[in-house]
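Residue-level listing of the chains:
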Amino acid sequence: MFEELRTFIEVAESKNFTKTAKKLNFSQPTISQQVKKVEIYFNNVTLLTRSSNTKQIELTPEGQIVYQKAKEILSLLDSAFAELELLQNEKNKVLHIGASMTIGNFMLPRVLKVFSDLFPEIHLNICIENTFDICKKMENGDIDIGLIEGKNIESSFQRVDFFEDKLVLVASPKIAASITDFSSSQLAKLPWLTREKGSGTEQYLRSFMESNQIKVSNLIIYNSNYAIKEAVKEGMGITFISQMVINEELASGELVKLPLNKAYTRNFSYILPEGYSSGQSVLDFIKVLLRVSKEFQTE
């Protein structure tokens, strides 16, 4: 009956048997049969009707009740599967961690070293992608905890800030020598290097440009912080990036901070599935994460 309920929900939301058949990769008669089984199950009540105006499939009053309750039932069922998977991971001592690229490449390694020293029996499965992809993996149940840096993200998970990251505007020494103060018009004439859409860094760079009315004509997109850093060192342009990424280059003089009109920061956050308790290994990981992030904050 669970499969039939899922089919019924899809028809109710798409308002079309053909669209549902294509989405679920079933024949249209199969979709009709599954909806009919749901109606039979509820004492042969009619759940769907065709609108005389739009010709779309609509819910009857009885169908509206079944639709709402079916959504609740399947949500509980999905939650049960998620909790069972979490319990199984706890038993197998596997912790699945997802991290956006800045966090994953420049903060997470130290966190993992401390965590592994404290909990050597726990096996780690690490995924490093951009913020958008990490959020998708959380929604799909592919990771136990995610570490992200983006903003204005609409998702059904718990989100807790754990670190304030400094953002800086940087260039090669040659380019920096010609920029003595913050000027939107002067900055707009330079090539800019940025991350791909879906990246937290790209979100903040775009916000920085918009808030300062910097209209860039030459924007070069990379999917790697390391590639951006190397390109900026070569004098290909400037970028707005986490100071964590370029600390060594600033110290060596390979990169130089450009003047800003104010200080810019963003929050790193960890995300957890909504609706059920995290396992002990996740809680232990969070404790280590908070401890190590304090060390980064003072550096």
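Everything numeric here is computed off the predicted structure, so don't read it as measured data.

What counts as what
- Along every chain, residues carry numbers that run from 1 in the direction the sequence is written.
- Given that this is a predicted model, residues contribute local features only at a pLDDT of at least 70 and side-chain atom pairs are listed and counted only at 80 or more, while totals for whole chains, interfaces and linings are drawn from all residues.
- Side-chain figures throughout are based on the complete set of non-hydrogen atoms in the structure, without hydrogens or water.
- As used in this record, nonpolar core signifies buried Ala, Val, Leu, Ile, Met, Phe, Trp, Tyr and Cys residues forming a set joined through side-chain atoms within 4.5 Å.
- Relative accessible area decides the class of each residue, using a 1.4 Å probe on protein chains only: under 20% of the type maximum gives buried, over 50% gives exposed, and in between gives partly exposed.
- Only runs of H or I of at least four residues qualify as helices and only runs of E of at least two qualify as strands under DSSP, and these elements are numbered from the N terminus.
- By definition, residues are in contact when any of their heavy atoms lie within 4.5 Å.
- Expected span, for any helix, means 1.5 Å times one less than how many residues it has.
- Whenever a nitrogen or oxygen atom comes within 3.5 Å of another N or O atom, the pair is scored as a polar contact, on the condition that within protein one atom can donate a hydrogen and the other can accept it, and that pairs from neighbouring residues in sequence are kept only if both atoms are in side chains.
- Centres within 6.5 Å are what make two rings of Phe, Tyr or Trp a pair, Trp counting through its six-membered ring; a difference in plane orientation under 30 degrees is then read as stacked, over 60 as edge-to-face, and the rest as tilted.

Chemist: I'd love a proper account of the nonpolar core, names of residues and values included.
Modeler: Core analysis: the largest hydrophobic core is formed by 27 residues, its most contacted members being Met107, Val111, Ile145, Leu147, Phe162, Tyr270 and Phe285. Contributions of two or more residues to this core are made by strand 3 (94-99), helix 6 (108-118), strand 5 (145-148), strand 6 (157-171), strand 11 (264-273) and helix 13 (280-297). No other element matches helix 13, which puts seven residues into this core. What phenylalanine 285 contacts, discounting residues up to four positions off in sequence, is Leu95, Ile97, Leu108, Val111, Leu112, Phe115, Ile145 and Leu147. Among the nonpolar cores identified, the runner-up in size contains 19 residues, and Leu167, Leu169, Ile238 and Tyr264 belong to it.

Chemist: I'd like to hear about unusual backbone geometry, residue by residue, with values.
Modeler: Even without glycine at this site, asparagine 43 takes up a positive phi of about 60°. By the secondary structure assignment, asparagine 43 is in the loop between helix 3 (28-41) and strand 1 (48-50). On the basis of relative accessibility, which here comes to 72%, the residue asparagine 43 falls in the exposed class. Positive phi outside glycine occurs at glutamine 213, with the angle close to 50°.

Chemist: Break down helix 10 (residues 200-211) for me, with residues and values.
Modeler: Compared with an ideal rise of 1.5 Å per residue, which puts 12 residues at 16 Å, helix 10 spans 17 Å between its outermost C-alpha atoms and is within 8% of the ideal. Along helix 10, the residues that are buried comprise Gly200, Thr201, Glu202, Tyr204, Leu205, Phe208 and Met209. The N-terminus of helix 10 is capped by serine 199, whose side-chain oxygen sits 3.1 Å from the backbone nitrogen of threonine 201.

Chemist: Please set out the packing of aromatic side chains residue by residue, giving values where relevant.
Modeler: Applying the stated criterion across every chain, the model contains 11 aromatic pairs. Measuring from ring centre to ring centre gives 4.2 Å for phenylalanine 208 and phenylalanine 240, while their planes differ by 15°; the resulting arrangement is stacked. Taken together, the residues span a long stretch of sequence, with phenylalanine 208 in helix 10 and phenylalanine 240 in strand 9 (residues 239-242) at a distance of 32 residues. For the pair phenylalanine 208 and phenylalanine 240, one class covers both residues: buried. Taken together, Phe182, Trp192, Phe208, Phe240 and Tyr264 form an aromatic cluster joined through their ring pairs.

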